[in-house]
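Coordinate analysis (summary)
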Number of protein chains: 2
Amino acid sequence: MIAGEEGLAGLTLRQVAARVGMRAPSLYTHFDSKNAIYDAMFAQAWSECLVQYEELWDRLPSDGRESLKAVARSFVDFSVRDLPRHQLMNLRTIPGFEPSPEAYAPAVAVLEKTHQLFLRHGLTDEDLDLYVAVISGLIDAQHANDPGGQRWSRLVHRAIDMLADNFGLP
Amino acid sequence: MIAGEEGLAGLTLRQVAARVGMRAPSLYTHFDSKNAIYDAMFAQAWSECLVQYEELWDRLPSDGRESLKAVARSFVDFSVRDLPRHQLMNLRTIPGFEPSPEAYAPAVAVLEKTHQLFLRHGLTDEDLDLYVAVISGLIDAQHANDPGGQRWSRLVHRAIDMLADNFGLP
DNA sequence: GTCTATAGGAAGATAGAC
DNA sequence: GTCTATCTTCCTATAGAC
């Protein structure tokens, strides 16, 4: 179930239904409310992200700098590929929607895996905070200022080198 | 005219009117449409930002690293102070709204001043892109993950040092 | 210029036939 | 399970009195 292409806030149940070849009321046999649909989309998006992460996890290089590059590259590509999905996953752009604990679980898992990676290479929680901000900043700038292009997404390698230097990684 | 506190997308004309002590229809004597109100708010927000920038501009230190810190600190504080304003200024969170050229002018002016600052210290356009991404990443992370706190906004100094190192600034 | 009243439309959600 | 038809609510915007 993939969302529209011009922002998530304006998505209606009728559009969602049309996208899957149904009428709006039929959605209520599968979900209790519109927010339940958002919840399922949120969970699915982060689950896909987690799956991609776990596939990458096993073939991660031992070098800290290089593994950060691989992880960041993968996450940025995933996030840039689909704007509404990114808005749903990361921004608080829908007025009444708060993801349920179950839907939140895979998002926590992704962050926890990144945390593990940071611990493995002797990095701190504050390092992780800075990493999170830089990566999401690149993604947001890409979406906001050069949609469809790669003016910011191509800076991932440079950004990771910059972070790794700052972290004191070899 | 300041917006609400729980996100901009759900803001209604009745709320806007109530905030200024009026009824919804009375707004139409001042604005042609809801988007015209957004447009005025967009223009005002960026104008305020520009004013703050220009006040800072005259007492900017000659040192590149320190002037970047001052500018970034000022912009981050401004953006963190008001979430709906930040959403209006930077994110594309309102479905049908696109700012008019006149409203966009002060936003361009702010970016242009930053561009001048970068040129003054021998920095490139790509350096500016990276700077923009990092700073807005800090702001967004602050709003999204620690609203009301300063877990990310306090990393501005470290982030600028990291950027300045990467730029080759002394 | 601001108000009350309301038009006109679209949204989320429900009822009940098939 | 999906449909058509409809309810209820809330939105932007307009009309017209004061």
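Here, every reference points to the structure presented above.
Now for a description of the structure that goes with this document. Quick caveat: nothing in here was measured; it's all calculated off a predicted structure.

As enumerated under the stated definition, the model contains 20 salt bridges over all chains in all. We note a salt bridge from Asp129 of chain A to Arg151 of chain B, for which the minimum N-O separation is 2.8 Å. Within this pair, whereas Asp129 of chain A is found in helix H6 (residues 125-145), its partner Arg151 of chain B is found in the loop between helix H6 (125-145) and helix H7 (156-167), the two belonging to separate chains. Look at Asp129 of chain A and you get buried, because its relative accessible area is 7%. Since its relative accessible area comes to 40%, Arg151 of chain B is described here as partly exposed. Where Lys69 of chain B meets Glu66 of chain B, a salt bridge forms, and the shortest distance between an N and an O atom there is 3.8 Å. Here Lys69 of chain B and its partner Glu66 of chain B are both found in helix H3 (residues 64-80), three residues apart, which amounts to about one turn of the helix. Bridged by salt links that share partners, the residues Arg65, Glu66, Lys69, Asp161 and Asp165 of chain A form one connected network.

With that out of the way, let us pick up the environment of Ala43 of chain A. You can see Ala43 of chain A is positioned in helix H2 (residues 34-58). Separated by 35 residues in sequence, Ala43 of chain A and Phe78 of chain A have C-alpha atoms that sit 15 Å apart.

Tyr28 and Lys34 of chain A together with Arg23, Ser26 and Thr29 of chain B are the nearest of the 14 residues found near DNA strand C. Separating a phosphate oxygen of DNA strand C from a backbone N or O atom of Leu13 of chain A is a distance of 3.0 Å. Take Tyr28 of chain A: an N or O atom from its side chain is 2.7 Å from a phosphate oxygen of DNA strand C.

Before going further, it helps to examine the packing of aromatic side chains. Residue and element names in this part refer to chain A. Across all of its chains, the model carries 14 aromatic pairs over all chains by this definition. Measuring from centroid to centroid gives 6.3 Å for Phe42 and Phe97, while their planes differ by 65 degrees, and the two rings are edge-to-face. Of this pair, Phe42 sits in helix H2 while Phe97 sits in the loop between helix H4 (83-90) and helix H5 (101-120), and the two are 55 residues apart along the sequence. Phe97 shares its class with Phe42; the two are buried. Within the aromatic cluster, the residues linked to one another by ring pairs are Tyr38, Phe42, Phe97 and Tyr104. The lysine or arginine in question, Arg85, covers the ring of Phe78, its NZ or CZ lying 3.7 Å from the ring centre.

What follows deals with the interface of chain A and chain B. Every contact between the two is made by 30 residues of chain A and, on the other side, 30 residues of chain B. Both faces considered, chain A and chain B share a buried interface measuring about 2,600 Å² in area, 54% of it formed by carbon and sulfur atoms. Contact with chain B buries area across many residues of chain A, yet Asp129, Arg158 and Met162 of chain A alone supply 25% of it, more than any other trio. Between the two partners, chain A and chain B, sit eight salt bridges. At the boundary of chain A and chain B, one finds 12 residue pairs in polar contact (both at pLDDT 80 or more). When contributions to the side of chain A that touches chain B are tallied by element, the ones reaching two or more residues are H4, H6 and helix H7 (156-167) of chain A. Top element by residues in the side of chain A that touches chain B is H6 of chain A. It accounts for 12 residues. Taken together, the residues that form the side of chain A that touches chain B break down as 15 nonpolar, seven polar and eight charged.

Calculation criteria
- Residue positions within a chain follow its written sequence, with the count starting from 1.
- For naming, the first written chain is A and the first written ligand is 1, with later ones following in the order written.
- For a predicted model such as this one, the threshold for reporting local features is a pLDDT of at least 70, and the threshold for listing and counting side-chain atom pairs is 80 or more; totals across whole chains, interfaces and linings nevertheless cover every residue.
- To get the side-chain values, take all heavy atoms of the structure and skip hydrogens and water.
- Any Lys or Arg side-chain nitrogen located within 4 Å of an Asp or Glu carboxyl oxygen qualifies as a salt bridge.
- The helix count covers DSSP runs of H or I at least four residues long, the strand count covers runs of E at least two residues long, and both are numbered beginning at the N terminus.
- Each residue is assigned to one of three classes by its accessible area relative to the maximum for its type, calculated with a 1.4 Å probe on protein chains only: buried under 20%, partly exposed between the two thresholds, exposed over 50%.
- For this purpose, a residue is taken to be near a molecule or strand whenever a single non-hydrogen atom of the residue falls within 4 Å of it.
- For this analysis, a polar contact is any N or O atom pair within 3.5 Å, provided that within protein one partner can donate a hydrogen and the other can accept it, and provided that sequence-adjacent residues contribute only side-chain to side-chain pairs.
- In this analysis, rings of Phe, Tyr and Trp, with Trp reduced to its six-membered ring, are considered paired at centre separations within 6.5 Å, and the interplanar angle assigns stacked below 30 degrees, edge-to-face beyond 60, and tilted for intermediate values.
- Definition used: whenever NZ (Lys) or CZ (Arg) falls within 6 Å of the ring centre and also within 35 degrees of the ring normal, the charge is taken to sit over that ring.
- The criterion used for residue contact is that any of the two residues' heavy atoms lie within 4.5 Å.
- Buried area: the accessible surface (1.4 Å probe) lost by two parts on joining, summed over both.
- The residue classification treats Ala, Val, Leu, Ile, Met, Phe, Trp, Tyr, Cys and Pro as nonpolar and Asp, Glu, Lys and Arg as charged. All others, Gly included, are polar.

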